[in-house]
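Analysis of the macromolecular model
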Amino acid sequence: MSWMNIELILLIALPAVIAVIMAFSSSFKHQTRNILAVTGAGIELYLVFSLLIFNFEAVKSSNFFLQFTIGYSNTPFVINFAMDNLSLLFSLIVTAAVFLIVIFSTQYIRDKENRYFALFFLVFASIQGTILTADLFTLYLFIEAITIFTTPLISFNKTEKTTRAAMQYLFYGITGGVFFFISIILIYFNLGTLKMAAVAESFVLISTPMQLTIIIFFLLALIIKLGIFPIHFWLPRAHSACPAPISALLSGVLLKVYLYIFMRLFWTMIAFDFLVELHLSTFVLDLALVSSLIGHVFALQADELKKMLAYSSIGHIGMILAVLMLNTEAAFYGGLLHITAHMMMKSGLFLSSGYLLRTTLSHHIDDLKGIGHKNRLVFIAFIIICLGTIGMPPLIGFVSKWFVLLAFLEARHYFGAFVVGAGSIIALIYYLRYISQAYETVKSESKTLREELISLKAFFKSTNIMKNVIYLFTLLIIFFGLGYKIFEMPINTAIFELLNPQKYIELVLGG
Amino acid sequence: MFNNFIFIILFMLGFYALVMKTNLIKNVIGLNIMEAAVFFWVISFSDIGGEVSIHKLGEEVTKFNDPVPQALTLTGIIIGASTAALLLTLIIELNKFSGTIDREKIEGLND
């Protein structure tokens, strides 16, 4: 066991340690706990950034690779953690988004914070583990950990609705986990190894019907976890029931982590040619496009703000999955850029909706009347992020959607291009519905609403941090929309990783 | 062949209980039967009638059962137990709010 590249373990262990401290922090002061949470997430961000900065030359020439091994090497009893350019990109954007969400939740969460932060950091540790792991068994463990730790967060405010949503989420998540487990077991019995790289080397040796079974079970598990069309009912309920920072975590970060697992499994481990050979890639492509369209159409009839945002997430995730299935360089560029863009936009939208909805009686569209007059600047930020999601020119949503559209046109897949365009137009309609409602003048203010506002007025004078996080997200969306070239280098190296899985396989097996 | 047969029957039984039954606790039982089916299957495959896979000092173990499936199964059992506990807790909470554990009668679960 060598101590080289201990940072990889630190990335997973640090949030776990903070979670343990948080679990026993009921006697801490409010301030101490917040400082601990923000510094923890900050150190994590610094670690990932330092990995990028210190290895900048290696990243630039796509040679970047770190590995950490626990256990006896050259036996099956070994746990591998590896980081290549693809994992670095995902680790970077996920950590940055989680850092901002932590800052937001220090002000947003007002009771049972110790429990909240303990679960939150456990989810964060599992996310890092999922991104860094290099063998299937640990991957299964971390995926299940994510599902189990997010469930109490969904039912954090104990009402009938949240309990229902959390229960349904857990039922679907665990069923997906069982399918994943079957697939892993089949791989182990056929090849006698669980290392992703070793599986990748000898996946050809398995008989074709067995390959088909393995791939179908993996696809089933990931389709359930991603909320693709036939099994998407749990997603809007779960994502709209929880507190706003958790909605941002689930919709903005976690869905992308599942997309990362999808890429890891179907490009690095199982070569994509197998999917094409077995005629599954076109099937998944069409399914994802239908899912995208259905998500956008369902968002039209959603009468709750957060439910609408969750349905819109289904639409975007379907689009990203579809464009990745094209398996061209342009498609990867569009897909990875849209993953980054959607992470920023959806986290920003959920956080600002959480801020706006604190003054209203319910999440229903009728109660949003006049909300734009009450919180002017925050609502303008909300509109800008909405425009980004629709795809307005100077913002990052436009750039990423443009590249996705170009990828579809280049592959001559016109249904895909149609779905991207139609999704934008439908999105314009459903966002306008809410925006126009928000600027409606309230004629007869009901007494309960006014009383509620007065009681909250003193509270909102001190809540600058939440507003600042929302403004920061808005500025990031504008800034990266103008300077999207920043992402060009990391995304291109990540694409190199997807197109040449041989490098990852050789380095993992050789080290 | 026999263990494949048992696996498919048990798995389908669990899946039936998970999907078709309206009682939520029966759904949890169905989920557990599904998991148990997978675990039985794994163990039945990995058992080749060898020795326990602990490396004894000074003794050469020639034929031993593969420990990796056993480790996988143990982890799976732990995950299954914790999810069952969490699900039952949520069902108890839901029962406090709505007074029933029937999936059909709880509003908003079937639309």
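Given the structure is predicted, the values throughout are model-derived calculations rather than measurements.

1. Re the overall build of chain B
Each helix and strand in chain B was counted, giving 3 helices and 0 strands. N-terminal to C-terminal, the α/β element order of chain B is α-α-α. Counting only contacts in chain B whose residues sit at least 6 apart along the sequence, the fraction spanning at least 24 positions is 46%.

2. Points about the interface of chain A and chain B
Counting residues at the interface gives 23 residues for chain A and 26 residues for chain B. Here the side of chain A that touches chain B gets 15 residues from one element, more than from any other, and that element is helix α7 (residues 160-191) of chain A. For the side of chain A that touches chain B, the class distribution of residues is 15 nonpolar, 4 polar and 4 charged.

3. So, helix α23 (residues 501-510) of chain A
Residues and elements named next belong to chain A. Buried within α23 we find Pro 501, Tyr 504 and Val 508. The buried residues of α23 occupy one face: seen down the axis, they fall within an arc of 60 degrees. Lining the buried residues of α23 we find β1 (66-71), β2 (78-83), α8 (196-202), α11 (244-269) and α22 (488-499).

4. Comments concerning the confidence of the model for chain B
Within chain B, residue pLDDT values average 82, and 84% of them lie at 70 or more. Scoring of the predicted complex yields 0.91 for pTM and 0.89 for ipTM.

5. Structural notes on the nonpolar core
Looking at soluble globular proteins, one finds that nonpolar side chains tend to be buried together. All names here are of chain A. Phe 121, Leu 321 and Val 323 are the most contacted members of the largest nonpolar core, which has 209 residues in total. Broken down by element, the residue count for this core peaks at 19 residues, all from α11. Non-local contacts of Val 323, meaning those with residues more than four positions away in its chain, are made with Ala 331, Gly 334, Gly 335, Val 404, Ala 407 and Phe 408.

6. Topic: unusual backbone geometry
Trans peptide bonds make up the majority, and among non-glycine residues the majority have a negative phi. Residues and elements named next belong to chain A. You will see that Lys 112, though not glycine, has its phi angle at about 55 degrees, which is positive. Inspection of the secondary structure assignment puts Lys 112 in the loop between α4 (85-108) and α5 (113-132). Non-glycine residue Asn 327 carries a positive phi angle of around 60 degrees. Take Asn 327: there are 19 C-beta atoms within 10 Å of it, and that puts it in the partly exposed class.

7. Regarding helix α1 (residues 7-23) of chain A
All names here are of chain A. Between its first and last C-alpha, α1 extends 24 Å over 17 residues, near the 24 Å set by a 1.5 Å rise per residue. Ala 13 marks the point of greatest bend in α1, at about 30 degrees, and the proline Pro 15 comes within the next four residues. Three or more residues of α1 are buried, namely Leu 8, Leu 11, Ile 12, Leu 14, Pro 15, Ile 18, Ala 19 and Met 22. Elements in contact with the buried residues of α1: α2 (30-54), β1, β2 and α5.

Thresholds applied
- Residues numbered from 1 in each chain as written.
- Chains lettered and ligands numbered in written order.
- Predicted model: local features only at pLDDT ≥ 70, side-chain atom pairs only at ≥ 80, totals over all residues.
- Helix = DSSP H or I, 4+ residues; strand = E, 2+ residues; numbered from the N terminus.
- Contact = placed C-beta atoms within 7 Å.
- Nonpolar A, V, L, I, M, F, W, Y, C, P; charged D, E, K, R; others polar.
- Buried ≥ 20, exposed ≤ 12 C-beta atoms within 10 Å, placed from the backbone.
- Arc of directions from axis to C-beta.
- pLDDT = per-residue confidence, 0-100.
- Core = buried A, V, L, I, M, F, W, Y, C linked by C-beta atoms within 7 Å.
- Expected span 1.5 Å × (residues − 1).
- Bend = angle between axes of the 7 residues up to and from the residue.

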